[in-house]
Amino acid sequence: MTNLQRLLLEVQGINLDQNELAVYLAENNLNPHDEYVPSSATNKRNIYKTALSILESIANNPKLMKTYKLDDMTVSDFHENLLNRIDQLERKIRQMKTDEQEQTNVFMLFNS
């Protein structure tokens, strides 16, 4: 599985051109055609950061901030749910370790 294929799993239902996805991956230090390494914490973190960038781009679309009425159903929660998903992804990314970090449970509040 390539990085591009892994990203497509993460952003299912979002239709973007392959070239656009390649740009998002490149911005997060990933080559779209390189092999995805699931054991690499940094690779996984960069995939999530790429998905976050895509969701933030979608959230910046003013058309999606409107309230739509379809028959008897109101579709107004899309933007709110999108922002909630962005917050969840940001929190998840902050908590993820990278390959360079030491495996420790100690939190360093002050650095001398």
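Residues numbered from 1 in each chain as written. Predicted model: local features only at pLDDT ≥ 70, side-chain atom pairs only at ≥ 80, totals over all residues. Heavy atoms only, no water.

Q: Please give an account of the nonpolar core that cites residues and values.
A: In this structure, Leu7, Leu25, Ile54, Leu82, Ile86 and Leu89 are the most contacted members of the largest nonpolar core, which totals 21 residues. Contributing elements (two or more residues each) for this core: helix H1 (3–10), helix H2 (18–27), helix H3 (41–59) and helix H4 (78–95). It is H3 that provides the largest number of residues to this core, a total of eight residues. Not counting chain neighbours up to four residues away, the residues in contact with Ile86 comprise Leu52, Leu55, Glu56 and Ala59. (Core = buried A, V, L, I, M, F, W, Y, C linked by side-chain atoms within 4.5 Å. Buried < 20%, exposed > 50% of the residue type's maximum accessible area, 1.4 Å probe, protein only. Helix = DSSP H or I, 4+ residues; strand = E, 2+ residues; numbered from the N terminus. Contact = heavy atoms within 4.5 Å.)

Q: Could you give an account of the packing of aromatic side chains, with specific residues and numbers?
A: Each aromatic ring pair is summarised here by two numbers: the centre-to-centre distance and the angle between the ring planes. By the definition in use, this model includes zero aromatic pairs. Positioned above the aromatic ring of Tyr48 is the side chain of Arg6, whose terminal nitrogen or guanidinium carbon lies 5.9 Å from the ring centre. (Phe/Tyr/Trp six-rings, centres within 6.5 Å; stacked < 30°, edge-to-face > 60°. Lys NZ or Arg CZ within 6 Å of the ring centre and 35° of its normal.)

Q: Break down the environment of Lys63 for me, with residues and values.
A: Note that Lys63 resides in the loop between H3 and strand E1 (68–70). On the basis of relative accessibility, which here comes to 57%, the residue Lys63 falls in the exposed class. Taking the C-alpha atoms as reference points, Lys63 and His79, 16 residues apart in sequence, are found 9.8 Å from one another.

Q: So, the environment of Asn31: which residues are in play, and what are the values?
A: Its place among the elements puts Asn31 in the loop between H2 and H3. Judged by relative accessible area, Asn31 falls into the partly exposed class, the value being 37%. For Asn31 and Asn3, which are 28 residues apart along the polypeptide, the C-alpha to C-alpha distance reads 6.9 Å.

Q: Now, about the pattern of salt bridges: what can you tell me, with residues and values included?
A: For the coordinates displayed, the defined rule picks out two salt bridges. The residue Arg6 makes a salt bridge to Glu10 at a minimum N-O spacing of 3.1 Å. With a gap of four residues between them, Arg6 and Glu10 both fall in helix H1, about one helical turn apart. Residue classification places Arg6 among the buried residues on the basis of a relative accessible area of 12%. A salt bridge links Arg85 to Glu10; the shortest N-O distance between them is 3.5 Å. With a gap of 75 residues between them, Arg85 in helix H4 and Glu10 in helix H1 connect regions that are remote in the sequence. (Salt bridge = Lys/Arg side-chain N within 4 Å of Asp/Glu carboxyl O.)

Q: Please set out the packing of H2 against H3 residue by residue, giving values where relevant.
A: Two numbers describe how H2 lies on H3: the axes approach to 9 Å, and their chain directions differ by 125 degrees. When the axis of H2 is compared with that of H3, the two are oblique. Seen from above, H2 lies across H3 with right-handed handedness. Here H2 contributes Leu21, Tyr24 and Leu25 to the contact with H3, which in turn contributes Ile47, Thr50, Ser53, Ile54 and Ser57. Classifying every residue of the contact of H2 with H3 gives five nonpolar, three polar and no charged. (Axes fitted to C-alpha atoms, helices over the stretch in contact; angles between N-to-C directions. Parallel < 35°, antiparallel > 145°, perpendicular 65-115°, else oblique. Left-handed = near helix turned anticlockwise from the far one by under 90°. Nonpolar A, V, L, I, M, F, W, Y, C, P; charged D, E, K, R; others polar.)

Q: Got a sec to walk through the packing of H3 against H4? Specific residues and values, please.
A: Contact geometry for H3 and H4: axes closest at 10 Å, N-to-C directions at 155 degrees. The pairing of H3 with H4 is recorded here as roughly antiparallel in orientation. Judged by the twist between their axes, the crossing of H3 over H4 is left-handed. In contact with Arg45, Tyr48, Lys49, Ala51, Leu52, Leu55, Glu56, Ile58 and Ala59 of H3, H4 contributes His79, Leu82, Leu83, Arg85, Ile86, Leu89, Glu90, Lys92 and Ile93. Class assignment for the residues of the contact of H3 with H4 results in 11 nonpolar, one polar and six charged.

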